Each structure stands twice: as structure tokens, then as C-alpha cells.
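Now for the letters of each chain:
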Amino acid sequence: MEYKIKTHNLEETIELAQNFESEKFPNMIICLDGELGAGKTVFTKGIAQALGIKENITSPTFTIIKEYEGELPLYHMDVYRLDGVTDGIGIEEYFTKGGVVVIEWADTIKDILPKERLDIKIKVVDEDDRLFIIEPHGKQYEELCEVVL
Ligand code: ADP
Ligand code: MG
């Protein structure tokens, strides 16, 4: 099952992310892919807002993983720079820490991603139009999509 949703501006993308996060649960894994400037970080900002996080969200540059305290902890990763090499970083530990995990460029570490997760591919359609292709893996994520979308 795959869902397709278009957003027409940044605000709609934030709203889409907030809708997902209103159904949050511990160890929720959201995998984001899409070219530079697609809106992965914008989507993560929406997630953060819905978790009550006031801090500004930026792509983690040198740290790979940034942690924020919210209603649930947010673990925001940008794994682009890893170039697929994940040994010794401990990324897997974050999948079961009870927080919400958002991974930018998740495809580059697909070998270590949990089987149960939400995959979101963002395609740039136009200057402000983005196509979200949303694919749930596992019952919990299928139900999530049914509720939210
Ligand atoms: P990424 O993290 O995927 O590299 P960002 O989220 O940092 O991308 O940047 C997305 C850029 O696209 C921002 O400058 C944002 O203002 C712009 N933008 C335009 N339309 C949209 C939209 N519909 N959804 C999200 N971002 C949008
Ligand atoms: Mg980004």
C-alpha cells in the first residue's frame, strides 16, 4: 500500500507532519528520502512542533544525530555523510529508546533500518509543490496511515 499526497507550500508540509505526530507512539520510525531541498527538514520541523519542541530544528551537520526533549524525545538523524558506513555509530540503539526517530536520507542506511517503519519519499514537482509518497511497513504503521491520511 502506498499513499500519494501533494503539498503546495511549506505550511501544508508542516501540517502533514503534525497530523502524523498527533498519532505518535514510542519507537516510531520515520524514514525520509528526497533530493536536497525536497523538504525533509521542513517535515521534521512539523514533527518537532507537534512534540512540543520549541528549539529550532536544523539538519544535524557534524553530529549525525540530534536529540530534542519533547512529549517524546525526538532523535533527528541526517545520515547522508555516512555514505552507507554505519559501523560503530550505534544508530540502531536509537530505534528502541522510546522516542520518535526521523532519518533524513534513510535509503543510504537501508540495511540497518527496522522492518517496521514509515517510508516517505518526497519529490519536487514545482517550486512549491511536493509529492509525498508514503509507504507503511508493518501493521502499526498501516493503521497509522489509515487514521492520518
Ligand atoms: P531537505 O532537508 O530535504 O534538504 P529542506 O526541508 O531543508 O530540504 O528545504 C526545503 C525547501 O523547500 C525550503 O526552503 C522550503 O521553504 C522549500 N519548500 C517549498 N515548497 C515546499 C513544500 N511544499 N514543502 C516543504 N518545503 C517547501
Ligand atoms: Mg535536510
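Summarised in this report is the structure supplied together with it.

About the thresholds
Residues numbered from 1 in each chain as written. Chains lettered and ligands numbered in written order. Predicted model: local features only at pLDDT ≥ 70, side-chain atom pairs only at ≥ 80, totals over all residues. Heavy atoms only, no water. Salt bridge = Lys/Arg side-chain N within 4 Å of Asp/Glu carboxyl O. Buried < 20%, exposed > 50% of the residue type's maximum accessible area, 1.4 Å probe, protein only. Helix = DSSP H or I, 4+ residues; strand = E, 2+ residues; numbered from the N terminus. Arc of directions from axis to C-beta. Contact = heavy atoms within 4.5 Å. Core = buried A, V, L, I, M, F, W, Y, C linked by side-chain atoms within 4.5 Å. Donors = N, O, S within 2.8 Å, 3.2 Å for Na, K, Ca; no water.

Observations concerning the pattern of salt bridges
Charged atoms that come close allow side chains of opposite charge to pair.
Reasoning step 1: Within this structure, the stated rule accounts for 4 salt bridges.
Reasoning step 2: The salt bridge involving Arg117 is made with Asp119; its shortest N-O contact spans 2.8 Å.
Reasoning step 3: Overall, the relative accessible area of 9% leaves Asp119 in the buried class.
Reasoning step 4: Linking Lys139 and Glu143 is a salt bridge whose minimum nitrogen-to-oxygen distance equals 3.1 Å. Of the two residues, Lys139 and Glu143 both sit in helix α3 (residues 139-148), 4 residues apart, roughly one turn of that helix.

Overview of α3
Reasoning step 1: Taken together, the buried positions of α3 are occupied by Tyr141, Leu144, Cys145 and Val148. The arc that holds the buried residues of α3, viewed along the axis, is 95°, so those residues lie on one side. In α3, the exposed positions angled more than 90 degrees off the buried face are occupied by Lys139, Glu146 and Val147.
Reasoning step 2: Buried residues along α3 sit in contact with β1 (3-7), α1 (10-21), β2 (28-33), β6 (117-124) and β7 (130-137).

Considerations on the nonpolar core
Reasoning step 1: By size, the foremost hydrophobic cluster in this structure holds 47 residues, and its most contacted members are Phe43, Leu74 and Ile103.
Reasoning step 2: By residue number, the principal contributor to this core is β2, which donates 5 residues.
Reasoning step 3: Those residues in contact with Ile103 that sit more than four places away from it in its chain are Ile29, Ile30, Cys31, Leu32, Met77, Val79, Phe95, Ile109 and Leu113.

Considerations on the coordination of the magnesium ion (ligand 2)
Around a metal, the idealised angle for a tetrahedral arrangement of four donor atoms is 109.5 degrees; for an octahedral arrangement of six donor atoms it is 90 or 180 degrees.
Reasoning step 1: Within the first shell, the magnesium ion (ligand 2) binds the protein through Thr41 (OG1), Ser59 (OG) and Glu104 (OE), at distances of 2.1 to 2.6 Å.
Reasoning step 2: Expressed as a motif, the donor residue spacing for the magnesium ion (ligand 2) is T-x17-S-x44-E. Here Thr41, found in helix α2 (residues 40-50), pairs with Ser59, found in the loop between α2 and β3 (65-68); they are 18 residues apart in sequence, far enough to count as distant.
Reasoning step 3: The buried category is assigned to Thr41, whose relative accessible area is 18%.
Reasoning step 4: Judged by its relative accessible area of 24%, Ser59 falls in the partly exposed class.

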